[in-house]
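Chain and residue survey
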Amino acid sequence: MKHKSLLMLFVVSIMVIAAGCGTSKEKDTSSQNQQPPAMIDVALKINPENPQPNKEVTISATVTQGKEKVDDADEMTFEIWKDGQEKHEKIQGKHKGDGVYSITKSFPEAGKYFVISHVTARDMHNMPQKEFSVGGASAANDQAQNAEHHEEGHDSDHHDHHDAAGVSMHFMAAKDVKANVKTTLTVHLQKDNSAFNGARVRFEVWKANEEKHKFIETKENKAGEYAAETTFPTTGEYTVKVHVEKGEIHTHEENTITVH
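Residues numbered from 1 in each chain as written. Predicted model: local features only at pLDDT ≥ 70, side-chain atom pairs only at ≥ 80, totals over all residues. Heavy atoms only, no water.

Within the protein, the regular secondary structure consists of three helices and 19 strands. Out of the 260 residues belonging to the protein, those deemed buried represent 39%. Long-range pairs, those at least 24 residues apart, make up 62% of the contacts in the protein with a sequence separation of at least 6. Summed over all atoms, the accessible surface of the protein reaches about 15,800 Å², with 49% contributed by carbon and sulfur. (Helix = DSSP H or I, 4+ residues; strand = E, 2+ residues; numbered from the N terminus. Buried < 20%, exposed > 50% of the residue type's maximum accessible area, 1.4 Å probe, protein only. Contact = heavy atoms within 4.5 Å. Areas by Shrake-Rupley, 256 points an atom, 1.4 Å probe, with all protein chains shown as cover.)

Spelled out as C-alpha cells, the structure:
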C-alpha cells in the first residue's frame, strides 16, 4: 500500500508540473501576440494651396491612429515662419471633430513659408513640415534670392536649421515654471518626418544678460524625445538653447521661458 501511495503521489506531482508549464507557455504566447499600438499619423493641408497676400488661409491637420480619428490630442500647435526669418509664430489649433485641428490665418507678404504641425497624442509625438508659397512666389525664385543674400553675407542660422540640417524641433516646458522648484524640459526631434534618435542633445540655459551659461545633458526617453530635469534659481525670463549633435549635424534653436 505504501508503494502504491508513493506512486500515486508521484503521478499527481508530474501532472501538476505539466499543467503549470502549459499555463506558462500560454501566457508567453499571449504576451507575444500583443501588438504595439499604431503610431499617430498627421496629414497636414493648406487651403488654398497657393494663397494670395492678405487672404484667409485654412491650415489643418488630420490626426489618425490606424483607422481611428484622434479627437483627444494633448497638444496641437502650428509653427509658422517665412523663409529666412528667425522668429516663428506658434498658434494653437482648434479641434473641429473627426480628428481635424485647424487655424485660419492671412499672410501680408508674398514669399516662401513653412509650417510645422506639432501633435502630441496618446504618448506619441508627430510634427510633419510643409512648404508653401504666398502670392505665387516660386521656390526657384526664392532659392535664387537666398543665394544672392548668402553671397552678400546675409545668412540665417534658423534657415540652415530647417533646410540644411533638416531637423525639426519642438521644445516643451511646464506651463507654470516656478523658481527653486524642479521642472522637466523636453524636446522632440524629427527629421524627414521620422523620429530623430541617437543624438547628443543639451540644453544651454541663461538669464537675460548673464555671462554664465548652464549646460544640461538630456536623456532620450523614447525615440526622438529628449528630456532633463533642472531648477531655475530666480524668477524672470530665461533663454533655453537646444543643441543637437549627431554625425555631421550640429544645429540649435532658442526658446524663452518665464519663471514665476
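Turning our attention to the nonpolar core. If you look at the biggest cluster of nonpolar residues, it comprises 24 residues, and the most contacted ones within it are L189 and F203. Those elements that place two or more of their residues in this core are β11 (167-172), β12 (183-191), β14 (200-207), β17 (225-230), β18 (236-246) and β19 (249-259). Among the elements that make up this core, the one with the highest residue count is β18 (four residues). Among the nonpolar cores identified, the runner-up in size contains 22 residues, and F78, V119, M124 and V134 belong to it. (Core = buried A, V, L, I, M, F, W, Y, C linked by side-chain atoms within 4.5 Å.)

Along strand β8 (residues 111-121), eleven of the eleven residues are buried, which leaves the element largely enclosed by surrounding structure. Across eight bridges, strand β4 (residues 75-82) lies against β8 in antiparallel orientation. The residue of β8 that forms the bridge with E75 is T120. By the bridge criterion, six bridges tie β8 to strand β10 (residues 129-134) in an arrangement that is antiparallel. Counterpart to I116 in the pairing with β10 is Q129. The pairing of β8 with strand β9 (residues 124-126) spans three bridges and is antiparallel. Bridging from a neighbouring strand, T120 pairs with H125 of β9. (Pairing = 2+ DSSP bridges.)

Time to look at the side chain of H118. Within the fold, H118 resides in strand β8. Of the residues examined, H118 reaches a relative accessible area of 0% and is grouped as buried. At 2.7 Å, the side chain of H118 and the side chain of E79 are in polar contact. If we skip the residues at most four places from it in the chain, H118 touches E75, M76, T77, E79, H125, N126, M127, M169 and H170. (Polar contact = N/O pair within 3.5 Å; in protein donor to acceptor, adjacent residues only side chain to side chain.)

Let us now look at the confidence of the model for the protein. For the protein, the average pLDDT comes to 81, and 76% of its residues sit at 70 or higher. In the model of the protein, helix α3 (residues 157-164) stands out as the element of lowest mean pLDDT, 36, in contrast to strand β7 (residues 100-105), which has the highest, 97. Confidence drops under pLDDT 50 across residues 137-164; counting only partners more than four residues distant or on other chains, this segment forms 38 contacts. (pLDDT = per-residue confidence, 0-100.)

Another point: the side chain of H88. Mapped onto the secondary structure, H88 falls in the loop between β4 and β5 (89-92). Side-chain polar atoms of H88 contact the side chain of E79, separated by 2.5 Å.

Turning next to the packing of aromatic side chains. Ring pairs (aromatic) are described by centroid distance and by the angle formed between their planes. Tallied over the full model, the rule gives six aromatic pairs. With a centroid separation of 4.8 Å and an interplanar angle of 55°, the aromatic rings of F107 and Y113 are classed as tilted. Note on Y113: relative accessible area 5%, which makes it buried. Above the plane of the ring of F107 lies K105, whose end atom (NZ or CZ) is 5.3 Å from the centre. Above the ring of F196, the side-chain terminus of K246 is found at 5.0 Å from the ring centroid. (Phe/Tyr/Trp six-rings, centres within 6.5 Å; stacked < 30°, edge-to-face > 60°. Lys NZ or Arg CZ within 6 Å of the ring centre and 35° of its normal.)

Our next topic: the environment of F215. As for its placement among the helices and strands, F215 is situated in strand β15 (residues 214-217). Looking at F215, the relative accessible area reads 43%, which means it is partly exposed. Spatially, the C-alpha atom of F215 lies 6.4 Å from that of V205, the residues being ten residues apart in sequence. Among all residues touching F215, those that are not within four sequence positions of it are R202, F203, E204 and H243.

Overall, antiparallel pairing links the four strands, which are arranged β15-β14-β18-β19 in an open sheet. Single-partner strands in this sheet number two, and they are β15 and β19. The sheet shows a mean angle of 25° between the axes of neighbouring strands, taken without regard to direction. (Axes fitted to C-alpha atoms, helices over the stretch in contact; angles between N-to-C directions.)

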